[in-house]
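The chain contents come next:
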Amino acid sequence: MILSLLAAIGLWIYVVTIVNPDGEQTLTNIPVTFSGEDVLREDQNLVITKGSDATVSVNFYGKNSDLKKLIKSQNEITAVVDVSKIRSAKQYSMSYDVQLPASVQDSVITISDRSPSVISFTVENYVTKSFEVKTDVSGVEVAAGYMLDSATLDYDTVSVSGPDSVVSTIAGAQVAVSRTDLDKTVTEKADYTLVDAEGNTIDKTGLTTDVDSLEVTLNVVMYKEIPLDVEFIDGGGATSNDVSKDISPSTVTISGDSTVLDGVNKIVLGNIDLSNTDNNAVLPFQIIIPNGAKNVSGEQQATVTVKIKNKDTAVIRATNIAFINVPDGFEASSVTQLVQTKVRAATDEITKISTNNLRVVADMAEYTQAGTYTVPVSIYIDGYSDAGVIGDYTIVATLTAKTAGQ
């Protein structure tokens, strides 16, 4: 019995002193976590920046068997800093608790040393700002006869949330698109970058954006150079065959869908009535672009210079004034005694036309009451069928009731 007792005591001493002795173990790169970090952001609009990736080294003391368990579960060890009571943005230095794996009881392990003893970190305001998105189309090439009319995005701005020190450096967002030989409108998804005022890319790490990518539409249209023209209305002793014209600009470049542009071969600025146009006239016209097309050139107005060839003008006094369609019971008389009339005719005829060849006719059909009126008149040139009158004319005429017996 004595021998058995001695053997048991020896075995116990062996196990305690040899098999499972006390020991020390230093573990490094233990990650630091922040308890209450979510509450810090949601309730206080604060975020941890510098120091958020800190690690610590801890020296543990305990039985070898427990230390072996600790080493085996090292990736479950964390250093926890409680930040739930932080209320302002500034630099902090705070102590931390070391949390052991579930397989190792806190009571069997002693922490003999830790480095560093406190965790230094920075807390900043967590802000959200919106930034304009610009599209870089320098890498887009279109096919011959086409042009990039515009590049549009499904979002004109992006919202960025993050630490104030980072968000404040952002100047905007940029989408770069590259395409070749485009001959139609296309839409595609594209990533965007955040840039500072100098155009340098800003790392998105630690930032939150409301959209991950943008939809870019490249609006590609056909363009075409279209001649400008005018149409002439014969009159005033001149026809379109007598006219030379100069239009400035002579063409305009327009863009649009091919179904629109294929049918456009010229743009008529308007009509020019030669009966109201001098031999050397300069006339302005608005350039009206067809529906569905766009003025690429930018000119909004054209100038048309009209020259009438082999025709001269002269101002001749017309004194032969007659009335037609005078209402029954009335008689008409002219207060105006002569009408200074601008006449145009062939160069060899203009000097032959005189006052005797001009006849002024006033139509009184619209006048039914006695009184004095300004009446439009027609002026005829007898004997010279190719001559004509330039301009519009009126006379002052009096309509009086006939007396009994007239």
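Only a predicted model underlies this, so the values are computations on that prediction, with no experimental measurement involved.

Next up on the list: the pattern of salt bridges. Two side chains bearing opposite charge may form a pair once their charged atoms approach each other closely. Tallying each qualifying case throughout the model produces seven salt bridges. Put simply, Arg179 and Glu188 hold a salt bridge, and the shortest N to O gap is 3.1 Å. Given the relative accessible area of 21%, Glu188 is considered partly exposed. Of the charged contacts in the structure, one is a salt bridge between Asp278 and Lys342, with a shortest N-O distance of 3.2 Å. Taken together, the residues Asp278 in the loop between strand E19 (267-273) and strand E20 (280-286) and Lys342 in strand E26 (residues 339-346) connect sequence positions 64 residues apart.

Across eight bridges, strand E1 (residues 22-35) lies against strand E3 (residues 55-63) in antiparallel orientation. Residue pairing in the sheet places Pro31 in a bridge with Thr55 of E3.

With that settled, consider the packing of aromatic side chains. Considering all chains together, one arrives at three aromatic pairs under this definition. A ring pair is formed by Tyr367 and Tyr373, whose centres lie 4.8 Å apart and whose planes are at 45 degrees; its orientation type is tilted. Given a relative accessible area of 15%, Tyr367 falls into the buried group. Classification of Tyr373 by relative accessible area gives partly exposed; the value is 23%. Put simply, the rings of Phe34, Tyr92 and Phe121 pair up and form one aromatic cluster. Between the NZ or CZ atom of Lys204 and the centre of the ring of Tyr192, over which it lies, the distance is 4.0 Å.

With that settled, the discussion passes to the layout of surface pockets. Considered as a void within the structure, the largest pocket measures approximately 180 Å³ in volume. Lining the largest pocket are Val47, Ile48, Thr49, Pro163, Val166, Asp203, Thr205, Gly206 and Leu207. Taken together, the residues of the lining of the largest pocket break down into five nonpolar, three polar and one charged.

Glancing now at the side chain of Thr49. Residue placement: Thr49 occurs in the loop between strand E2 (46-48) and E3. Residue contacts for Thr49: discarding those within four places in its chain leaves Thr122, Glu124 and Pro163.

Analysis parameters
- Residues numbered from 1 in each chain as written.
- Predicted model: local features only at pLDDT ≥ 70, side-chain atom pairs only at ≥ 80, totals over all residues.
- Heavy atoms only, no water.
- Salt bridge = Lys/Arg side-chain N within 4 Å of Asp/Glu carboxyl O.
- Buried < 20%, exposed > 50% of the residue type's maximum accessible area, 1.4 Å probe, protein only.
- Helix = DSSP H or I, 4+ residues; strand = E, 2+ residues; numbered from the N terminus.
- Pairing = 2+ DSSP bridges.
- Phe/Tyr/Trp six-rings, centres within 6.5 Å; stacked < 30°, edge-to-face > 60°.
- Lys NZ or Arg CZ within 6 Å of the ring centre and 35° of its normal.
- 1 Å grid on protein atoms, 1.4 Å probe; cavity = no way out; pocket = protein on both sides within 12 Å on 5 of 7 lines; lining within 4 Å.
- Points joined across faces, edges and corners; volume = space filled by probe spheres on them.
- Nonpolar A, V, L, I, M, F, W, Y, C, P; charged D, E, K, R; others polar.
- Contact = heavy atoms within 4.5 Å.

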